Amino acid sequence: MHLTKVTLKNFGPHKDFSCELRSGLIGVVGYNGSGKSTLINAIYACLTNDFSRFEKRKAGVINDLAGEEAACYVEVEGRQEGTNFVLRRNIKPSSSRLTLSSGTKEEVYRKQGDIEQRLIKDLGLTRKIVDSYVFVPQWGMFDFLSQTPAKRAEVFSYLCKTEQAESISK
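Residues numbered from 1 in each chain as written. Predicted model: local features only at pLDDT ≥ 70, side-chain atom pairs only at ≥ 80, totals over all residues. Heavy atoms only, no water.

> Which residues make up unusual backbone geometry, and what are the values?
Positive phi is not limited to glycine here, since Asn10 has a value of about 50°. You can see Asn10 is positioned in strand S1 (residues 2–11). Its identity is not glycine, yet Asn49 carries a phi of approximately 60°, on the positive side. Asn49 gets classed as partly exposed once you look at its relative accessible area, which sits at 24%. (Helix = DSSP H or I, 4+ residues; strand = E, 2+ residues; numbered from the N terminus. Buried < 20%, exposed > 50% of the residue type's maximum accessible area, 1.4 Å probe, protein only.)

Set out below in structure tokens:
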């Protein structure tokens, strides 16, 4: 999976933020309080619908300067095996939407259960994968590194969908 863009609107310290993401390892740097953790946690929340990293409540992420009627959301765009997707989790108004497109076909899902099923079926995105290998706590990387080379290659192959995973991981 390649996340290509993230957009935050009235989310935490971000009034209107959007950035393109290149493939590969991405570093996020900035001053204390500039919203680095909010950005990472927002992407995680968008992919998993788990906002517990924000004081266990969604409403806690709304920008204090946002007007009463202003929208608040996080949106992630990406690509997985020929399928483009746009996943938006709205805080205000409260709703979510997943758009999947491949070629000329486009499908939109709005029910939470449908969104979660499509994330798993079409993108292979399970909560376990996200928690274990994508948004790993800093010290959790040692767990991955301490696995056998065969296990690391298996995980890498699953995540990257490549036959060359073993040679790449070496």
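Still more to cover.
> So, the side chain of Thr38: which residues are in play, and what are the values?
Assignment of secondary structure puts Thr38 in helix H1 (residues 36–48). Classification of Thr38 as buried rests on a relative accessible area of 16%. Aside from chain neighbours lying at most four places away, what touches Thr38 is Phe11, Gly12, Pro13, His14 and Phe54. (Contact = heavy atoms within 4.5 Å.)

> Please set out the confidence of the model for the protein residue by residue, giving values where relevant.
Considering every residue of the protein, the mean pLDDT works out to 80; 84% of them sit at 70 or more. The least confident element of the protein is helix H6 (residues 165–169), whose mean pLDDT is 52; the most confident is strand S2 (residues 14–20), at 93. (pLDDT = per-residue confidence, 0-100.)

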